[in-house]
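One letter stands for each residue in the lines below.
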Amino acid sequence: MIATIGHLFDPLTLLAMVLGIMAVALFQNGAAALGRAVAALLSLVTADPTRDRDAARAAMLKIDQVAQLRGLSCTDRVKTANPFLTDAARKLANSERTELFELWAAQTLADRAQRHAGARNVWLSVADAAPALGMAGTIIGLVGMFAAMDDPASLGPAMALALLTTFYGVVIANMIAAPIAARLADLSERELAWQQEVVARMLAIARRENAPLRRASIREVA
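A quick note: this is a predicted structure, and the numbers were derived from the prediction, not measured.

Q: Give me the lowdown on the overall build of the protein, citing residues and values where you can.
A: Scanning the protein for helices and strands turns up nine helices and zero strands. For the protein, whose C-alpha radius of gyration is 27 Å, the value lies well above the compact-globule estimate of 17 Å for 222 residues. Along the three orthogonal principal directions, the C-alpha set of the protein runs to about 100 × 35 × 20 Å. A buried classification covers 34% of the 222 residues belonging to the protein. Looking at the protein alone, contacts between residues at least 24 apart form 77% of all its contacts between residues at least 6 apart. Summed over its atoms, the accessible surface of the protein is roughly 13000 Å², and 65% of this surface lies on carbon and sulfur atoms. Treating the 22 positive side-chain charges of the protein as one cloud and the 20 negative ones as another, the clouds have centres 13 Å apart.

Below, the structure written as structure tokens:
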């Protein structure tokens, strides 16, 4: 069994497959998206949208209280560990009109969704390219095998190349790239969901605090 597993690992063939797959992903998506796709691997372990959502909801309660007592201009005093929530609170405090905050939020979330999709698409490209390159390696191996029919010693390496490239393509596509793409899609959907919830809550607070009667009452308290 150990010997069989050892035969499945050919560093040069595997390196050639990986380089070819990465070249295809680079051509299809660009260097920036490829870099984000590699960087996104860290989020597979560290990201926890449920934790971030719960922390955001707790922070929103504080922001709501500050807005009621001090007005929108003081909402950025609420300290949070999440960069998006910190930026949103600062933008809410500094926006002269609710429409400006709404525009900022829509653009920010759209840009974030586009970046997430770019990283995910790289791994989908890898999942698509791996079997195709594996088949190409199989064809090359078969051509080499048929070309060396008169030399039995050359048949083994050519057949190994033909089979290993197919094996590597299947493994990379179905056990690495596709699961990573699915995981990134799930994380993106859950992250954007709680961020949209935060934006909706902040817009409701902004509209309430910008109501003429409400603004007058805040000035009287101040």
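Q: Describe the pattern of salt bridges, and please don't skip the residues or the numbers.
A: Following the criterion strictly, the structure yields 10 salt bridges and no others. Residues Glu 102 and Arg 207 are paired through a salt bridge, measuring 3.5 Å at the closest nitrogen-oxygen approach. Here Arg 207 lies in helix H8 (residues 152-209) and Glu 102 lies in helix H7 (residues 98-147), a separation of 105 residues in the sequence. Relative accessible area serves as the criterion here: at 47%, Arg 207 is assigned to the partly exposed category. Glu 191 serves as the salt-bridge partner of Arg 112, at 3.5 Å between the closest nitrogen and oxygen. In this pair, Arg 112 is assigned in helix H7 and Glu 191 in helix H8, connecting sequence segments 79 residues apart.

Q: Describe in detail the nonpolar core, supporting the description with residues and values.
A: Ranked by size, the top nonpolar core spans 24 residues in total, and within it Ile 63, Val 198 and Met 202 carry the most contacts. Those elements giving two or more residues to this core turn out to be helix H5 (49-70), helix H6 (83-94), H7 and H8. With eight residues, the top contributor of residues to this core is H8. The residues touching Val 198, leaving out its near neighbours within four places in the chain, are Ala 56, Met 60, Phe 84 and Leu 85. In terms of nonpolar packing, the next biggest core, distinct from the first, is built from 21 residues, Ala 37, Val 122, Ile 180 and Leu 184 among them.

Q: Describe in detail helix H2 (residues 11-29), supporting the description with residues and values.
A: Helix length check: H2 (19 residues) gives 26 Å between terminal C-alpha atoms against 27 Å at 1.5 Å per residue, within 8%. Directly beyond the C-terminal end of H2, a positive phi value near 95 degrees is found at Gly 30.

Q: Lay out the layout of surface pockets in plain terms, naming residues and giving numbers.
A: Approximately 390 Å³ is the volume found for the largest pocket. Surrounding the largest pocket, 20 residues form its lining, Ala 40, Ser 43, Ala 47, His 116 and Glu 191 being those nearest its centre. Those elements that place two or more of their residues in the lining of the largest pocket are helix H4 (43-46), H5, H7 and H8. Among the elements that line the lining of the largest pocket, the one with the most residues is H8, at six residues. Here the lining of the largest pocket is built from residues that sort into eight nonpolar, six polar and six charged.

Q: Could you give an account of H6, with specific residues and numbers?
A: End to end, H6 covers 16 Å across 12 residues, agreeing with the expected 16 Å (1.5 Å per residue, within 8%). Listed as buried for H6 are Phe 84, Leu 85, Ala 88, Ala 89, Leu 92 and Ala 93. In a view along the axis of H6, the buried residues occupy a sector of 165 degrees, so they form one face of it. Turned more than 90 degrees away from the buried face of H6, the exposed residues are Pro 83 and Asn 94.

Q: Break down the side chain of Ser 188 for me, citing the residues and quoting the values.
A: Mapped onto the fold, Ser 188 is located in helix H8. Classification of Ser 188 by relative accessible area gives buried; the value is 7%.

Q: How would you summarise the side chain of Thr 75 if you had to cite specific residues and measurements?
A: Relative to the helices and strands, Thr 75 resides in the loop between H5 and H6. We classify Thr 75 as buried; its relative accessible area is 0%. Polar side-chain contacts of Thr 75 include one of 3.5 Å to the backbone oxygen of Ala 89.

The rules behind each value
- Residues numbered from 1 in each chain as written.
- Predicted model: local features only at pLDDT ≥ 70, side-chain atom pairs only at ≥ 80, totals over all residues.
- Heavy atoms only, no water.
- Helix = DSSP H or I, 4+ residues; strand = E, 2+ residues; numbered from the N terminus.
- Rg over C-alpha atoms; globule rule 2.2 N^0.38 Å.
- Buried < 20%, exposed > 50% of the residue type's maximum accessible area, 1.4 Å probe, protein only.
- Contact = heavy atoms within 4.5 Å.
- Areas by Shrake-Rupley, 256 points an atom, 1.4 Å probe, with all protein chains shown as cover.
- Lys, Arg positive; Asp, Glu negative; His and termini not counted.
- Charge placed at Lys NZ, Arg CZ, Asp CG, Glu CD.
- Salt bridge = Lys/Arg side-chain N within 4 Å of Asp/Glu carboxyl O.
- Core = buried A, V, L, I, M, F, W, Y, C linked by side-chain atoms within 4.5 Å.
- Expected span 1.5 Å × (residues − 1).
- 1 Å grid on protein atoms, 1.4 Å probe; cavity = no way out; pocket = protein on both sides within 12 Å on 5 of 7 lines; lining within 4 Å.
- Points joined across faces, edges and corners; volume = space filled by probe spheres on them.
- Nonpolar A, V, L, I, M, F, W, Y, C, P; charged D, E, K, R; others polar.
- Arc of directions from axis to C-beta.
- Polar contact = N/O pair within 3.5 Å; in protein donor to acceptor, adjacent residues only side chain to side chain.

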